[in-house]
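So the chains spell out like this:
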Amino acid sequence: MVEATNFIEQIINEELESGKVSAVQTRFPPEPNGYLHIGHAKSLCINFGIKEKYNGKCNLFFDDTNPSKEKTEFVDAIKEDIKWLGFTWDKETYASDYFEKIYDFAVELIKKGKAFVCDMTAEEISANRGNFKEPGKESPSRNRSVEENLQLFADMRAGKFADGEKCLRAKIDMASPNINMRDPVIYRILRQTHHRTGDKWCIYPMYDYAHPICDYMQGVTHSICTLEFEDHRPLYDWVGIELGFAPKPRQIEFARLNVTNLVMSKRYLKKLVEEGSVDGWDDPRMPTLTGLRNRGIPAEALKDFCQRIGVVKANSEVQISYLEACVREYLNAHAERAMGVLKPLKLTITNYPDGQSEMVDFDVNPNEEIKRTRKIKFSKHLYIDSDDFSLAPPPKYFRLKKDGYVRLKSAYIIKCDDVVFNQDGSVKEVLCSYVPESKSGNDTSGIKTKGVIQWVEQDSCIDAEIRQYGYLLKDEEYAGQDFSERMNTESVKIFNGKVEPYVFENGDISYQLMRTGYFKLLDVKGKKVVSEIVSLKDNFNK
RNA sequence: AGGGGUGUCGCCAAGCGGUAAGGCAACGGAUUUUGAUUCCGUCAUUCGUAGGUUCAAAUCCUGCCACCCCUGCCA
């Protein structure tokens, strides 16, 4: 018996103990009508987490019962995202695999007198459903004979009726306080080409009816979904009971993930993509899995985050800083380090010989157990970041200032002797002298510096376009119309920086630009384009 | 208004009748060739609220309050 870490596992443990279930099976059930986002990551972790923990199974189940919204493009993207997260599903299944079976079960319900073909229009059904206060009215079609229902349902399938002209309804209870039980529609007529079954069908089952059947057919023991389906559970159970499912899958609901600052609504994300406010579903500003991946967030960090936030039924909103902390923690341990400057400032070491250069040792990642170092070129002509030099240093400024000493990371200690100005009075270049006996790892100078700054060598460094991506901000403007405009203008800052010519092992691996933040290499085409993912803790601006 | 849920530190979240875990954030302090990391310390006499049961309640009972979800031929 494994130890439960959340209430779902607790339920599973109890059922295992009582012998109610012997093997555990879950499923991840996206509708292929968009890309997966960080909220799905939570569901993925829960469902696949249970599979792994209980040595069970977890299918990837595409809930494709509404062909008007679904596309193959989305099923492919969804599969890619799940693979990226590192989960492997047992079977790839589709609701559409079971359309024939689902139809047969509907016939069975009709024969049991538990379903009927209704003549009312969608508007009429809605008008007769009643409301929270009043019960609904029964459809005039409700007491049709089994034979007539059977014939009519067959006619529906045969395409003898127009879209919406008839539908199949479960015969439950129009007076139920649970509106989902007021004779819900379980089949509608819809002439839409389905991404998998084409035009084979002109009737499609509704989610509430199809889902319990698909779960059962696949051998799912625990059907995990979000809180808004709690009210649907009686219907889920009704289908299982009327159809005699044994063992009947159990639906368990949990609270969906909310993250401060992240817009999670699928329809809104879709709108942003369609109107071109972002570059696509994989734009780094998007909270989609592919967007987060492009931002540079490692799959492992995302899974760690989902693990750490827990699984409960209470609605909550997790601060984005929690996600960032998980990312920082992972990257601090795994990311390769590189130096780079956002706003390059020329630095010349006046007492270093012209035309000479040397290689200095640089830690790939100071935190790894088996330390790797690499060589970095050092010469008379360098760039540092403008922010690492100050003409009017505030108190406790540790970095470079006139007549001050500072260490160039992994190289020498330097002293600023002079400053060259532009016409407009801005700093053009700083002139320094280095302390030859202060070489990193072999320092006999006896000079202690509080500040250590990064640098790049002028000849070898390459131009890098560095983009700092913001998040899709969720605030009062979220619902407004100015949103897309702001997306384009304020949510990404571009720096024409310079980075050392280090080629990372894998473009998918995020790395850290010293002090500036954790970045991900996006592209190498003469220029390195890196995107910011999370900034480093930055205490020196306080 | 009827039904279904949920309320434990700024944010997540353990706890399941025996006297409030942990993480994030924050704040001190030490180390540091990334002002990062690491380290060490501080951070709920109180569990939405009011009563009740009990030797003992965040945990059981009752009332109240707050928030979320439900009136698609969407999922």
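To keep things clear, this report deals only with the structure shown in the data block. All figures in this text were calculated on a predicted structure; none of them were measured in a lab.

Here we take up the overall build of chain A. Looking only at helices and strands, chain A has 13 helices and 27 strands in total. Its C-alpha atoms give chain A a radius of gyration of 31 Å, clearly above 24 Å, the size a compact globule of 542 residues would have. For chain A, with 542 residues in total, the buried portion stands at 54%. Nonlocal contacts in chain A, meaning residues at least 24 apart in sequence, comprise 71% of its contacts between residues at least 6 apart. Total accessible area on chain A is roughly 24900 Å²; 47% of this is exposed by carbon and sulfur atoms. Looking at charge distribution, chain A has the averaged site of its 77 positive side-chain charges lying 2 Å from that of its 84 negative ones.

Enumeration over the complete set of coordinates arrives at 20 aromatic pairs. The interplanar angle of 85° and the centroid separation of 5.5 Å between the aromatic rings of Tyr 352 and Phe 378 together place this pair among those described as edge-to-face. With Tyr 352 in the loop between strand E12 (344–349) and strand E13 (357–363) and Phe 378 in strand E14 (residues 373–379), the pair connects residues that are 26 residues apart, well separated along the chain. When the ring of Tyr 412 is compared with that of Tyr 434, the centres are 4.8 Å apart and the planes differ by 80°; the resulting orientation is edge-to-face. Placement of the pair is Tyr 412 in the loop between strand E18 (405–408) and strand E19 (413–421) and Tyr 434 in strand E20 (residues 427–434), with a sequence separation of 22 residues. Of the residues examined, Tyr 412 reaches a relative accessible area of 5% and is grouped as buried. An aromatic cluster of three or more residues is present, and its members are Phe 99, Tyr 103, Phe 153, Tyr 187, Trp 201, Tyr 204 and Tyr 209.

Before going further, it helps to examine the packing of helix H4 (residues 99–111) against helix H7 (residues 207–218). Relative to each other, H4 and H7 sit at 115°, their axes nearing to 10 Å. On the basis of the axis angle, H4 is roughly perpendicular to H7. Where H4 crosses over H7, the two elements pack in a sense that is right-handed. Contacts between H4 and H7 involve Lys 101, Ile 102, Phe 105, Ala 106 and Leu 109 on the former and, on the latter, Tyr 209, Ala 210, Ile 213, Cys 214 and Met 217.

Bringing the sheet that holds E18 into the picture now. Spatial ordering of the open sheet is given by E21-E18-E19-E20-E12-E15-E22, a layout of seven strands whose pairing is mixed. One side of each edge strand has no neighbouring strand; the edge strands of this open sheet are strand E21 (452–453) and strand E22 (456–457). Bridge analysis of E12 against E20 gives four bridges, and the strand direction is parallel. Bridge assignment links Leu 347 to a residue of E20, and that residue is Val 430.

Across a regular strand the side chains alternate sides, sitting on one face of the sheet and then on the other. Inspection of the sheet shows strand E23 (residues 462–469) paired to strand E24 (residues 492–499) by eight bridges, in the antiparallel sense. Its bridge partner lying in E24, Arg 467 is registered against Ile 494.

So, on to the side chain of Ser 43. Residue position: Ser 43 is located in helix H2 (residues 38–53). Dropping the residues within four chain positions of it, Ser 43 is found in contact with Phe 28 and Phe 254.

Turning our eyes to something else, we now look at the protein's contact with RNA strand B. Surrounding RNA strand B, one finds 67 residues, the nearest of these being Val 312, Arg 337, Phe 398, Ser 440 and Arg 515. Sugar and phosphate atoms form 61% of the subset of RNA strand B atoms that lie within 4 Å of the protein. For RNA strand B, a phosphate oxygen lies 3.0 Å from a polar atom in the backbone of Tyr 207. Interatomic distance of 2.8 Å between a side-chain N/O atom of Arg 407 and a base oxygen of RNA strand B. Where the surface near RNA strand B is concerned, the elements lending two or more residues are helix H5 (122–127), strand E6 (185–189), helix H11 (299–309) and helix H12 (320–334).

Our next topic: the environment of Ala 77. The residue Ala 77 is located in helix H3 (residues 72–85) in this model. Along the primary structure Ala 77 and Glu 17 are separated by 60 residues, whereas in three dimensions their C-alpha atoms are 39 Å apart.

One recurring pattern in soluble globular proteins is that nonpolar side chains are buried together. Counting residues in each nonpolar core, the largest one holds 43 residues, and the members touching the most others are Ile 38, Leu 44, Ile 82, Leu 85, Leu 302 and Phe 305. Contributing elements (two or more residues each) for this core: H2, strand E2 (57–62), H3, helix H10 (289–295), H11, H12 and strand E27 (528–534). At six residues, H11 tops the list of elements feeding residues into this core. Apart from residues lying up to four places away in sequence, Ile 82 is in contact with Phe 28, Leu 36, Leu 44, Phe 48, Leu 60, Phe 87 and Trp 89. Core analysis: the second largest hydrophobic core is formed by 38 residues, Phe 99, Phe 105, Ala 115 and Val 117 among them.

What follows covers the pattern of salt bridges. A complete count under the given rule lists 43 salt bridges for this structure. Arg 372 is the partner of Glu 368 in a salt bridge, and the nearest nitrogen-oxygen pair spans 3.0 Å. Among the residues examined, Glu 368 registers a relative accessible area of 15% and is labelled buried. Judged by relative accessible area, Arg 372 falls into the partly exposed class, the value being 34%. Sharing partners across several salt bridges, the network here consists of Asp 119, Arg 144, Glu 148 and Lys 166.

With that settled, consider the sheet that holds strand E7 (residues 203–205). On the basis of which strands lie adjacent, the open sheet formed by four strands has the order E4-E5-E6-E7 and antiparallel pairing. Only two strands of the sheet have a single partner each, and these edge strands are strand E4 (115–118) and E7. For this sheet, the mean angle separating the axes of adjacent strands, direction not counted, is 20°.

As a rule of thumb, non-glycine residues mostly have phi less than zero, and peptide bonds are mostly trans rather than cis. Of the consecutive residues Ala 246 and Pro 247, the connecting peptide bond is found in the cis state with omega at 0°. Its identity is not glycine, yet Asn 55 carries a phi of approximately 55°, on the positive side. With respect to the helices and strands, Asn 55 occurs in the loop between H2 and E2. Within the chain, Ser 410 stands out as a residue other than glycine whose phi angle is a positive 70°. Looking at the secondary structure, you find Ser 410 in the loop between E18 and E19. The buried category is assigned to Ser 410, whose relative accessible area is 10%.

How each quantity is defined
Residues numbered from 1 in each chain as written. Chains lettered and ligands numbered in written order. Predicted model: local features only at pLDDT ≥ 70, side-chain atom pairs only at ≥ 80, totals over all residues. Heavy atoms only, no water. Helix = DSSP H or I, 4+ residues; strand = E, 2+ residues; numbered from the N terminus. Rg over C-alpha atoms; globule rule 2.2 N^0.38 Å. Buried < 20%, exposed > 50% of the residue type's maximum accessible area, 1.4 Å probe, protein only. Contact = heavy atoms within 4.5 Å. Areas by Shrake-Rupley, 256 points an atom, 1.4 Å probe, with all protein chains shown as cover. Lys, Arg positive; Asp, Glu negative; His and termini not counted. Charge placed at Lys NZ, Arg CZ, Asp CG, Glu CD. Phe/Tyr/Trp six-rings, centres within 6.5 Å; stacked < 30°, edge-to-face > 60°. Axes fitted to C-alpha atoms, helices over the stretch in contact; angles between N-to-C directions. Parallel < 35°, antiparallel > 145°, perpendicular 65-115°, else oblique. Left-handed = near helix turned anticlockwise from the far one by under 90°. Pairing = 2+ DSSP bridges. Near = heavy atom within 4 Å. Polar contact = N/O pair within 3.5 Å; in protein donor to acceptor, adjacent residues only side chain to side chain. Core = buried A, V, L, I, M, F, W, Y, C linked by side-chain atoms within 4.5 Å. Salt bridge = Lys/Arg side-chain N within 4 Å of Asp/Glu carboxyl O.

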